[in-house]
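# Chains, contacts and geometry: an overview
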Amino acid sequence: MANINTPAKINGAGLSRMSPTAPSSTHSKILVLCIDRDDDIGSKGGIETPVVGRDPCINAGVRLAIEDPEDPDANAIFAAIKTYEELIAKGYSSQVALVAGKFNRGIEADEKIGIEIQNVLSMYRADGAVLISDGEDDETVVPVIQTIVPVISIQRIIIKHSRSVEYSYAVFGRYLKMLAYDPRYSKFFLGVPGALLVATSLASFFGLTKEALALVFSILGLAFIIRAFDIDKALSSLGRPTPTGFIRIFSTFAGILIIVVSIANGLSSIPNEAIVPNMGALHIITNRIIVGSFVHGTITLLWIGIATILAGSLLSNWFKGSILTMSDILRLVVLALLYIPILQFTSVLIERTNPFNLISSLLIGLAVTLVAATFLFQYFKNRKGGEVLKH
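Model, not experiment: these values are computed from the prediction. (Residues numbered from 1 in each chain as written. Predicted model: local features only at pLDDT ≥ 70, side-chain atom pairs only at ≥ 80, totals over all residues. Heavy atoms only, no water.)

### Structural notes on the pairing of strand β7 (residues 128-133)
With six of six residues buried, β7 is to be regarded as a mostly interior element. What you see with β7 is no split at all: G128, V130 and I132 on one side and A129, L131 and S133 on the other are buried throughout. With five bridges joining them, strand β4 (residues 29-36) and β7 adopt parallel strand pairing. The residue bridging L33 from the neighbouring strand is L131, located in β7. (Buried < 20%, exposed > 50% of the residue type's maximum accessible area, 1.4 Å probe, protein only. Helix = DSSP H or I, 4+ residues; strand = E, 2+ residues; numbered from the N terminus. Pairing = 2+ DSSP bridges.)

If you want it as C-alpha cells, here you go:
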C-alpha cells in the first residue's frame, strides 16, 4: 500500500496549498508525471518510455509489479494514475505520463528524462506538472523538469511496512542480497574484502606476517585507484569495440604505467645520506628531506600520468557529446594549476624557501579555477540551451 503526502503548490518564492475543491485558475492543463530515474520500468519490465495515458501507464505498472512485486516504482505509477483520476474528477484538464532515466542514474539519466518530458509535452501541451516519486533520488531531477514545465506539486509515495522485527530482518536480508548479487555493489563490498582475506591468509601461511600489512594497504590502494579512475568501466568497454572505449583503455593503461615509473623515479631521487639504517616508518614520513626529494622526483611524471588518464576520459566524452566533458576539462585545469604549488612545497621542505610563495600560488590557482569553472559552465549552459531550442 502507498501513502501520498499532501501536495504543495510551488509559486515562485514560496509554497502554498493546492486547492482540493476547485480547478486552478493559473494552470489549465496539468501533466501528472511519474519519475523512474534508474529505469526499473525498462530494465525489469522491458517497457520503453515515455508512456503516456491512463491505460498504458496501468499496463506498465502491472508489468513492473509482476516482474518485481517489491519495487516501489510500481506503487508510484499507480499513485500517479490515482492523482490523474482525482484531477479529472475535480474538473481539471489533465494527462498522466511515465518517464524514465538510465540504470546508472547520473547526468545521462537526467538528460534522458528531460528529452522524454519534451516528447510528452509535444503530444500534450501542459502548462503545469504534478511530480510523483518514491523517494529523494527521483526528486533530484526536479530542476531539470522545471526548466521545461512548471512543477506545481510534488508528491512522495511512502510504502507502508510492518513494524514487526520479522519484517525488519526481511528488509535487512534484501539489502544483504543486493550487496551479494548486484554487480554494482558486490565487486567492492565482497571482492575487495575477499582479496584482503586471501592475501592475509597467504602471507601468514608463508610466514610473511610483517609484509601482510603492506600487502593489505596495496590491495586497498589499488581498489581505490580502480574506482576513482573508472578503470573497471574502461576494462568492461573492451567487450564493446567502440572508439571511445579504446581511447579510455589505452589512456588508462598508459597513465598507470607512467605513474608507476614516477614512483620509482621518486624513490631514486632520495639522497642516500638522508636514509639512516634501521629507520622507522614514522621517521621516514616526517623527514623533510626524504619527503621533499621523493615528491620532487615524482611530481612531473605523476602529473603526466594522471593527465593522460584524464585526457583519455575527455576525448571519450567529447566524441560522445557528453556534458561530462566540462568536468574533465576542469580536472585538467586544476591539475595544471596545482603543479607549481607542489614544486614550491618541495622547495619549502628541502631548501626552506619562503612559504608565502606557495600560498600566493594557491590563491592564484583558486582564482583561475573559479574563472575557468564559470566560463565553462556558461558555455555548456548556452550550448545546451541552443540544442533544446533546436528540438
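Text resumes after the structure shown.
### Section: the pattern of salt bridges
Tallied over the full model, the rule gives eight salt bridges. Between E67 and R63 there is a salt bridge, and its shortest N-O distance comes to 2.7 Å. With E67 and R63 both in helix α2 (residues 54-67) and four residues apart, this pair spans about one turn of that helix. On the basis of relative accessibility, which here comes to 43%, the residue E67 falls in the partly exposed class. (Salt bridge = Lys/Arg side-chain N within 4 Å of Asp/Glu carboxyl O.)

### Notes on helix α15 (residues 325-351)
When the terminal C-alpha atoms of α15 are compared, their 39 Å separation across 27 residues agrees well with the 39 Å that a helix rising 1.5 Å per residue should span. Within α15, burial applies to T325, M326, D328, L335, P341, T346 and L349. Backbone geometry just downstream of α15 places R352 in the positive-phi region, at approximately 55 degrees. (Expected span 1.5 Å × (residues − 1).)

### Focus: the packing of helix α14 (residues 288-320) against α15
At a minimum axis distance of 9 Å, the contact between α14 and α15 shows a crossing angle of 170 degrees. Comparing their axes, α15 and α14 come out roughly antiparallel. Across the contact of α14 with α15, the residue classes tally to 20 nonpolar, eight polar and three charged. (Axes fitted to C-alpha atoms, helices over the stretch in contact; angles between N-to-C directions. Parallel < 35°, antiparallel > 145°, perpendicular 65-115°, else oblique. Nonpolar A, V, L, I, M, F, W, Y, C, P; charged D, E, K, R; others polar.)

### Structural notes on the packing of aromatic side chains
Applying the stated rule across the entire model yields zero aromatic pairs. The ring of Y124 has K29 lying over it, and the distance from NZ or CZ to the ring centre is 5.7 Å. (Phe/Tyr/Trp six-rings, centres within 6.5 Å; stacked < 30°, edge-to-face > 60°. Lys NZ or Arg CZ within 6 Å of the ring centre and 35° of its normal.)

### A word on the nonpolar core
By size, the foremost hydrophobic cluster in this structure holds 24 residues, and its most contacted members are V32, I41, C57, I77, L98 and I132. Within the residue set of this core, elements represented by two or more residues are β4, α2, α3 (72-89), β6 (93-100), β7 and β8 (151-159). Among the elements that make up this core, the one with the highest residue count is α3 (eight residues). For C57, the contacting residues outside a window of four places in its chain are V51, I77, I81, V96, A97 and L98. Ranked by size, the runner-up nonpolar core spans 18 residues in total, among them I113, I117, V120 and V141. (Core = buried A, V, L, I, M, F, W, Y, C linked by side-chain atoms within 4.5 Å. Contact = heavy atoms within 4.5 Å.)

### With respect to the packing of helix α12 (residues 243-268) against α14
Their axes nearest at 7 Å, the elements α12 and α14 cross at an angle of 175 degrees. Between α12 and α14, the interaxial angle falls into the category roughly antiparallel. The residue inventory of the contact of α12 with α14, partitioned by class, reads 16 nonpolar, 16 polar and two charged.

Shape descriptors only; they carry no functional weight alone.
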